[in-house]
Amino acid sequence: MERLVIKGLSPLKGSVRISGSKNATLPIMAATLLCSDEVILSGVPDLEDIKVMSQVLRLLGAKVKKEKDVLIIDSSSVNAIELPDAMTRKMRASNLVMGPLLGRFHHAKISYPGGCAIGSRPMNLHLKGFLDLGFGVEAKYGFMEGKGKPRGGKEILLDTPSVGATENIMMAAALVSGETVIRNAAREPEIVDLQNFLNEMGARIRGAGLDTIYIKGVRKLGKAEYKIIPDRIEAGTFMAAAAISDSDVFIENIVLEYVRPVISKFREMGVNIIENGSSLRIIGKRPYKPVDVKTMPHPGFPTDMQAQMMALLTTVAGTSIVVETIFENRFMHVQELRRMGAEIALEGRAAIIKGKEKLEGAIVDATDLRAGAALIIAGLFAEGTTQINNIYHIERGYENIHLKLQSLGADIKRVLS
Ligand code: EPZ
């Protein structure tokens, strides 16, 4: 079983390049099902989740080739509308094929993607959107099936700005005649990237990035070449790694506007961040001030940075409060950070952190993707050695994170135990 072994307290120096966004690539890969031409995606990160989505597309009949950071996808021969149970269980984001399959074939059947460590992850808003578009929708025997003749010209109001539901509905509506309007849409940058990709294939969508998205259905979507945006959460993760250690790090290949919420929180703590076009420089010089963090839909502070921020705050003297408003169980990293000496009390959705400038190396488990990233960050600061088990969680969403940290001078190794 692979694990990461980190010896703390090495200063980080040098520059690191951010890879393409996992959460932009996954919906865009699903969207290729809407067109029967070849699509070329570049800037694709080399991640486990991308491999799984490639398997999903192949299972549906698409041809998928990967050459370095380029994916060539041809969905002309897609002939299936059903995804086997194993796939959706393997990766929840497989549910993003439902919208495009409905859009192109007016029929889709996927098994109900279960919850995961961080929460129940329901699909009710996705299904509500499909129903509003005129598809018949059934959820039974563990499957969700949509079929029927859609009619455009609908207004769809989302109870909460769900990222996945916004993406699935955009894709389901792209080929539906008339104008579909999604209100209370999610505003994440990955939604903007999906809109830009769909429009590159000939769709007519506007408003992504704001809370109302307008989709004018078109008859056909054709070939396109598209470059994926960089991963704002990987960027934030490296920012936290730089801030926790005595560092001077350049982070390259960033869309500054997309990491604005994270930059502003770090600056509130007193972290020195110098912006420069598509890169930034972080000088990790303590002392920092304790801060309060509340996760919110974009452009609020991202839930995907909550664990990493908590790791940093456990080493900042004073009391910080972290409130997780998006997922009901996204504090799995707390018990692992406590094993490293962190003082964290949980009160429902709030974590009260009594920070102190000391952590001890320990043997800890990665329970989910971002919790694993938080443990790496804590390990960089802890005295002694930290061993992180179950690193497959981390490798789902971070491309060679140990090699990137090694290149900055961190004492981190990936070992087979
Ligand atoms: C996306 O998940 C991301 N995943 C998540 O990143 C991210 O944490 C999340 O958005 C929030 O930003 C991908 O893009 C592949 P949601 P998604 O639907 O779409 C509730 C990571 O670490 N909800 O916006 O599943 C839901 O319970 C991952 O990279 C409903 O109630 O998130 C949650 O409380 C983790 N009904 C809230 O909305 C629904 O039908 C946000 O979920 C759908 C969601």
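Residues numbered from 1 in each chain as written. Predicted model: local features only at pLDDT ≥ 70, side-chain atom pairs only at ≥ 80, totals over all residues. Heavy atoms only, no water.

Visitor: Can you help me understand the packing of helix H11 (residues 332-339) against helix H12 (residues 369-381) in this one?
Guide: Their axes nearest at 9 Å, the elements H11 and H12 cross at an angle of 20 degrees. Classed by the angle they form, the pair H11 and H12 counts as roughly parallel. Crossing of H11 against H12: the hand is right-handed. Contact residues: H11 offers His-333, Glu-336 and Leu-337, while H12 offers Ala-371, Ala-374, Leu-375 and Ala-378. Residues that form the contact of H11 with H12 fall into these classes: five nonpolar, one polar and one charged. (Axes fitted to C-alpha atoms, helices over the stretch in contact; angles between N-to-C directions. Helix = DSSP H or I, 4+ residues; strand = E, 2+ residues; numbered from the N terminus. Parallel < 35°, antiparallel > 145°, perpendicular 65-115°, else oblique. Left-handed = near helix turned anticlockwise from the far one by under 90°. Contact = heavy atoms within 4.5 Å. Nonpolar A, V, L, I, M, F, W, Y, C, P; charged D, E, K, R; others polar.)

Visitor: Sorry if this is basic, but what is going on with the sheet that holds strand E12 (residues 204-206) here?
Guide: Working definition: the strands of a sheet are paired by backbone hydrogen bonds and lie parallel or antiparallel to each other. Taken in spatial order, the four strands make up an open sheet running E10-E11-E13-E12, and their pairing is mixed. The strands lining the two open edges of the sheet, one partner per strand, are strand E10 (155-157) and E12. Taking each pair of neighbouring strands and ignoring which way they run, the sheet shows an average axis angle of 15 degrees. Direction of pairing for E12 relative to strand E13 (residues 212-216): antiparallel, over a ladder of three bridges. From the neighbouring strand, Ile-205 faces E13, where its bridge partner is Ile-215. Against the sheet, helix H7 (residues 189-200) touches E12 and E13, its axis set at about 155 degrees to E12. (Pairing = 2+ DSSP bridges.)

Visitor: Help me understand the environment of Thr-315, please; the structure alone is not making it clear to me.
Guide: Mapped onto the elements of the fold, Thr-315 is located in the loop between helix H10 (306-313) and strand E19 (318-323). Residue class for Thr-315 comes out buried when judged on its relative accessible area of 0%. The spatial distance from the C-alpha of Thr-315 to the C-alpha of Val-39 is 46 Å, given a sequence separation of 276 residues. In contact with Thr-315, other than residues within four places in its own chain, are Ile-244, Arg-286, Lys-356, Glu-357, Leu-359 and Phe-381. A polar contact of 2.7 Å, which involves the side chain of Thr-315, links it to the backbone oxygen of Leu-312. (Buried < 20%, exposed > 50% of the residue type's maximum accessible area, 1.4 Å probe, protein only. Polar contact = N/O pair within 3.5 Å; in protein donor to acceptor, adjacent residues only side chain to side chain.)

Visitor: Would you mind showing me how to read the pattern of salt bridges here?
Guide: Any two side chains of opposite charge can pair if their charged atoms end up close together. Counted under the stated rule, the structure contains 24 salt bridges. One salt bridge connects Glu-179 with Lys-216, and the closest N-O pair in it is separated by 3.6 Å. Placement of Glu-179 in strand E11 (residues 179-183) and of Lys-216 in strand E13 is noted, with a sequence separation of 37 residues between them. Of the residues examined, Lys-216 reaches a relative accessible area of 36% and is grouped as partly exposed. When the shortest N-O distance is used, the salt bridge between Arg-232 and Glu-190 registers 2.8 Å. Highlighted residues: Arg-232 in helix H8 (residues 232-244) and Glu-190 in helix H7, separated in sequence by 42 residues. By relative accessible area, which is 5% here, Glu-190 ends up buried. (Salt bridge = Lys/Arg side-chain N within 4 Å of Asp/Glu carboxyl O.)

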